[in-house]
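# A structural walkthrough
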Amino acid sequence: MASSFAPTMLPDAAALWRSAIEDLSPHASPCRYLVPARWAPMREAAIDFCDRLGAEAHALGWTAAELFALHPEHGTLRIEVCGVMMITGNRAQAVEPSRVVFERGSAYRTKQGQVWGIPVWEFAKKGR
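An account of the accompanying structure is given in this report.

### Digging into helix H1 (residues 12-22)
- Of the positions making up H1, those classed as buried are Ala13, Ala14, Ala15, Trp17, Arg18, Ala20 and Ile21.
- For H1, the elements touching its buried residues are helix H2 (36-59), helix H3 (64-68) and helix H4 (120-126).

Here's what the structure looks like:
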């Protein structure tokens, strides 16, 4: 699905996030525990997030890991270290300083002592 926003219009970090996610195939999941049928909408929602909310997220201090991380060894099986966009596959409605809002619920980044995984594109490189 083509976006109406050019990645060059995004802040550098958001453009890098978008590019790295877009480079991952929608047909081949980067994680052996994540079936392609679930990965494709997750990837699309992440690209949509970068296009619509990436600049705002970056301005609010969100990091690639907080948004797009997977557990370095177990991928999506260990959701406690996954980034907020790598859990449900739903499109985000808004981004705030401490949470991303979805149609049904929110995902937070402010749990004390939170440890994040690695961005999905780094996880995919490990599997090659």
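Structure's up, so let's keep going.
### Thoughts on the packing of aromatic side chains
- According to the stated counting rule, one finds 3 aromatic pairs in the structure shown.
- One aromatic cluster is present, formed by Trp17, Phe49, Phe68 and Trp121 through successive ring pairs.

### Describing the packing of H1 against H2
- For the pair H1 and H2, interaxial distance at closest approach is 8 Å and the crossing angle is 175°. Of the possible angle classes, the one that applies to H1 and H2 is roughly antiparallel. Seen from H1, the contacting residues are Ala13, Ala14, Trp17, Arg18, Ile21 and Glu22; seen from H2, they are Arg43, Ala46, Ile47, Cys50, Asp51, Gly54, Ala55, Ala57 and His58.
- Class assignment for the residues of the contact of H1 with H2 results in 9 nonpolar, 2 polar and 4 charged.

### Considering the state of the cysteines
- Following the criterion strictly, the structure yields 0 disulfides and no others.
- Cysteine Cys50 remains unbridged, with the sulfur of Cys82 as its closest cysteine sulfur at 16 Å.
- In this model Cys82 remains outside any disulfide bridge; the closest cysteine sulfur is found in Cys31, 8.0 Å from its own.
- Owing to a relative accessible area of 2%, Cys82 belongs among the buried residues under this scheme.

### Quick look at the pairing of strand S4 (residues 105-108)
- Inspection of the sheet shows strand S3 (residues 99-102) paired to S4 by 4 bridges, in the antiparallel sense. Within the sheet, the bridge partner assigned to Val101 lies in S4 and is Ser106.
- The turn joining S3 and S4, which pair antiparallel and follow one another in sequence, is formed by 2 residues.

Thresholds applied
- Residues numbered from 1 in each chain as written.
- Predicted model: local features only at pLDDT ≥ 70, side-chain atom pairs only at ≥ 80, totals over all residues.
- Heavy atoms only, no water.
- Buried < 20%, exposed > 50% of the residue type's maximum accessible area, 1.4 Å probe, protein only.
- Helix = DSSP H or I, 4+ residues; strand = E, 2+ residues; numbered from the N terminus.
- Contact = heavy atoms within 4.5 Å.
- Phe/Tyr/Trp six-rings, centres within 6.5 Å; stacked < 30°, edge-to-face > 60°.
- Axes fitted to C-alpha atoms, helices over the stretch in contact; angles between N-to-C directions.
- Parallel < 35°, antiparallel > 145°, perpendicular 65-115°, else oblique.
- Nonpolar A, V, L, I, M, F, W, Y, C, P; charged D, E, K, R; others polar.
- Disulfide = S-S within 2.5 Å.
- Pairing = 2+ DSSP bridges.

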